[in-house]
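Chain and residue survey
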Amino acid sequence: MRENSRVAVAALAAGATAASLSDVCTVSNVQAALPANGTLLGIDLLPSLVTASPLYNQSAGMGSTTTYDYCNVTVTYTHTGKGDEVVIKYAFPKPTDYKGRFYVAGGGGFSLSSDATGGLTYGAAGGATDAGYDAFDQSYDEVVLYGNGTINWDATYMFAYQALGEMTKIGKYISNGFYGRSSDNKVYTYYEGCSDGGREGMSQVQRWGEEYDGVITGAPAFRFAQQQVHHVYSSAVEQTLDYYPPPCELAKIVNATIAACDPLDGRADNVISRTDLCKLNFNLTSIIGEPYSCAAQTSTSLGFGFSNGKRSNVKRQAEGSTASYQPAQNGTVSAEGVAVAQAIYDGLHNSKGERAYLSWQIGSELSDATTDYNPDTGRWELNIPSTGGEYVTKFVQLLNIDNLSDLNNVTYDTLVDWMNTGMVRYMDSLQTTLPDLTPFQSSGGKLLHYHGESDPSIPAASSIHYWQSVRSIMYSSLSDEKALEALEDWYQFYLIPGAAHCGTNSLQPGPYPQDNMETMIDWVENNKKPSRLNATVSSGTYAGETQQLCQWPKRPLWRDNSSFDCVNDKKSIESWTYEFNAFKVPVY
């Protein structure tokens, strides 16, 4: 059968564009396209488990209204000598749609993407992997422990970076054979993801850099230990200061900050385009005494990765919900409420005053500080976000518990210790902070990195710190000007004014990029290097306006209501720069 398949593939090679989907979408054609065992070191394909079926008029990716015909394929492999099995789903476009591309989509929360069809829009084959732990139906946090005290390291490394890299190597190899192309034909390979999907993308740049031509990463969850424990920090502030602000008071503090800092960038549009100027020029204490009022409401919350204060104890990003009741709230902003907000924006320090981590930009929603109303006592009480609590219980304490029950005896030093434990334990897996990207850069890879400036989940300064780390490690001998010139040839970073976590912000109707993949394809395949990032305002007074965003470290400053300059502002840039001297090892 395999020899006959090779003959069929040879026939397709003579006129692949004339082949129909049914011609190529066969088990025998996929089997013939598999790499022979030993070709990809450490990976043995299992040809007898291949499936292939043509699908017609199918939707593809999230939010797409266009339908496609494609070949739905599953491939199974084992790691040499291990006896495990990893299942991959591939979606191969019909031959007339294929443009020599392979596309990888990021997941979110503790989940890898389970959808292989995202690349069809771009004429690309795509894949999704179960990572060997049934990631199609289970999130990684459900399998990280075999039991109390025992880490599932196989699942950890597969989730951290290995599964996506292997899926991509196999998928690129199969793609040429599937369409009857020579094995040395170029397959342009792209990645796109945000949040943990952004971290997953950075894991590919760091670990599998030679495999990718263009990578788009939004709000990456760098420094997993610091980032996840940081989700507990707001609760620790409230407990330390012994004040649990009503959510309406926190909302007033945020909205009043937006109103005060909005004009500092040169245009009044309800968007803080320069949170650095807000940080340098606005004092939160000026809000004390301002009235707030909110009607009673019942709210529904979702889990890890969502903005707007949504959180719950559900394990997966997109599953489950909880409802909570909030009574009507009326009052004036207190000094205690402002003190809580200020401490959160200042970021975590240990008892010696040494900085442990950065925090959200001033004016970002204080989602993690949301308190719960106790109808029995009539008081607002601590609500520990499971985004951080579960990390502490499962990844640090190694207990199979979904959240911390309380913060009794927990101090800021405790949080620093938790961060340090997680950082050391998962340094080579989940931290995802390797700053030397030479293999990616030297193989011609392009990296487009962006972050919502008012992200209330993953602080925007987290991305800047990583960008600074890459620059200092890879171009330490160059002047700032020369280092910037070298970086922008292959690694460009953009802050999105007013944007929240991986999307627009209802509190700040600013721009958001809509066509990053088109920009990346033009950069990779046509050598059209961007200097600004195209973004569109979707709501508010300036809805429909297109903005060409500034590439970091330049910052926007509006000349009038219709145009802005990208300026260098040394003092503002310094406000984004942090050293984490609470730790004894470098934190990239």
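Residues numbered from 1 in each chain as written. Predicted model: local features only at pLDDT ≥ 70, side-chain atom pairs only at ≥ 80, totals over all residues. Heavy atoms only, no water.

Moving on to helix α13 (residues 460-474). The terminal C-alpha atoms of α13 lie 22 Å apart, and with 15 residues this matches the ideal 21 Å at 1.5 Å per residue to within 8%. Where burial is concerned, most of α13 is hidden: 12 out of the 15 residues are buried. Where the residues of α13 are buried, they touch α5 (196-207), α12 (438-442), β17 (446-452), α14 (480-488) and β18 (491-496). (Helix = DSSP H or I, 4+ residues; strand = E, 2+ residues; numbered from the N terminus. Expected span 1.5 Å × (residues − 1). Buried < 20%, exposed > 50% of the residue type's maximum accessible area, 1.4 Å probe, protein only. Contact = heavy atoms within 4.5 Å.)

Take the packing of aromatic side chains next. For any pair of aromatic rings, the description consists of the separation of the ring centres together with the inter-plane angle of the planes. Applying the stated criterion to the full structure yields 28 aromatic pairs. With a centroid separation of 3.9 Å and 10 degrees between ring planes, the pair formed by Y98 and Y179 is classed as stacked. A residue pair is termed long-range when its members are at least 10 positions apart, and Y98 in the loop between β4 (86-93) and β5 (101-105) and Y179 in the loop between α4 (153-178) and β9 (188-194) qualify at 81 residues. The same class applies to Y98 as to Y179, namely buried. Feature note: the residues F110, Y133, Y140, W153, Y157, F159, Y161, F224, Y391, F395 and Y426 constitute an aromatic cluster, connected by ring pairs. (Phe/Tyr/Trp six-rings, centres within 6.5 Å; stacked < 30°, edge-to-face > 60°.)

Across the sheet, which stays open at both edges, the three strands sit in the order β19-β20-β21 with antiparallel pairing between neighbours. Each edge of the open sheet is held by one strand with a lone partner, namely β19 (511-512) and β21 (546-549). Judged from the four bridges that link them, strand β20 (residues 533-537) and β21 form a sheet pairing that is antiparallel. Each bridged residue has a counterpart across the sheet, and for L533 the counterpart in β21 is L549. (Pairing = 2+ DSSP bridges.)

Across soluble globular proteins, you tend to see nonpolar side chains buried next to one another. Core analysis: the biggest nonpolar cluster contains 130 residues, and Y90 and Y140 have the highest contact counts within it. Per-element tally for this core: the top contributor is α4, with 11 residues. Shared between two domains, this core takes at least three residues from each, and those domains are domain 1 (18-141) and domain 2 (226-294 + 327-428). For Y90, the residues in contact, after removing those within four places along its chain, are C71, N72, V73, V75, F102, A116, G126, G127, M167, I170, G171 and I174. (Core = buried A, V, L, I, M, F, W, Y, C linked by side-chain atoms within 4.5 Å. Domains from an automatic or database assignment.)

Partitioning the protein chain into domains gives domain 1 (18-141) and domain 2 (226-294 + 327-428). Between the C-alpha centres of domain 1 and domain 2 there is a distance of 41 Å.

With that out of the way, let us pick up the pattern of salt bridges. If you walk through the whole model with that rule in mind, you get 21 salt bridges. Close ionic contact of K94 with D69 constitutes a salt bridge, the shortest N to O distance being 3.7 Å. Here the residue K94 occupies a position in the loop between β4 and β5, and D69 occupies one in strand β3 (residues 67-79), the gap between them amounting to 25 residues. Classification of K94 by relative accessible area gives partly exposed; the value is 24%. Residues joined in a network through salt bridges with shared partners are R274, D276, E453, R555 and D569. (Salt bridge = Lys/Arg side-chain N within 4 Å of Asp/Glu carboxyl O.)

This part takes up the environment of E525. Mapped onto the elements, E525 comes out in helix α15 (residues 516-526). Look at E525 and you get partly exposed, because its relative accessible area is 25%. On a C-alpha basis, the gap between E525 and L495 in space is 25 Å, while along the polypeptide they are 30 residues apart. The residues contacting E525, other than those within four sequence positions of it, are R101, Y188 and Y190. A distance of 2.8 Å separates polar atoms of two side chains, one belonging to E525 and the other to R101. Within polar-contact distance, the side chain of E525 engages the side chain of Y190 at 2.6 Å. (Polar contact = N/O pair within 3.5 Å; in protein donor to acceptor, adjacent residues only side chain to side chain.)

Below, the discussion takes up the pairing of β3. Counted residue by residue, β3 has 11 buried out of 13 residues, so it is predominantly covered. Here strand β1 (residues 43-45) pairs with β3 via three bridges, running antiparallel. When the sheet's bridge partners are listed, L45 is paired in β3 with Y77. Examined bridge by bridge, strand β2 (residues 51-59) and β3 share seven bridges and lie antiparallel to one another. Within β3, the position partnered with S59 by the bridge is T67. Here eight bridges tie β3 to β4, and the two strands are oriented antiparallel to one another. Its bridge partner being in β4, T74 is matched across the sheet by K89. Remark: six residues form the turn of the hairpin made by β3 and β4, two consecutive strands paired antiparallel; G81 in that turn has positive phi of roughly 80 degrees.

A few words now on the state of the cysteines. Inspection of the entire model under this criterion finds five disulfides. A sulfur-sulfur separation of 2.0 Å characterises the disulfide bridge that pairs C248 with C294. Note on the C248 and C294 pair: the S-S dihedral is about 80 degrees, so by sign convention the disulfide is right-handed. Placement of C248 in helix α7 (residues 247-261) and of C294 in strand β11 (residues 291-294) is noted, with a sequence separation of 46 residues between them. (Disulfide = S-S within 2.5 Å.)

In this section: the packing of α4 against α5. Where α4 meets α5, the closest approach of the two axes is 9 Å, and the angle between their N-to-C directions is 65 degrees. The element α4 and its partner α5 pack so that their crossing is right-handed. Contacts between α4 and α5 pair F159, A160, Y161, L164 and G165 from the former with D196, R199, E200, S203, Q204 and R207 from the latter. Among the residues making up the contact of α4 with α5, the classes are represented as four nonpolar, three polar and four charged. (Axes fitted to C-alpha atoms, helices over the stretch in contact; angles between N-to-C directions. Left-handed = near helix turned anticlockwise from the far one by under 90°. Nonpolar A, V, L, I, M, F, W, Y, C, P; charged D, E, K, R; others polar.)

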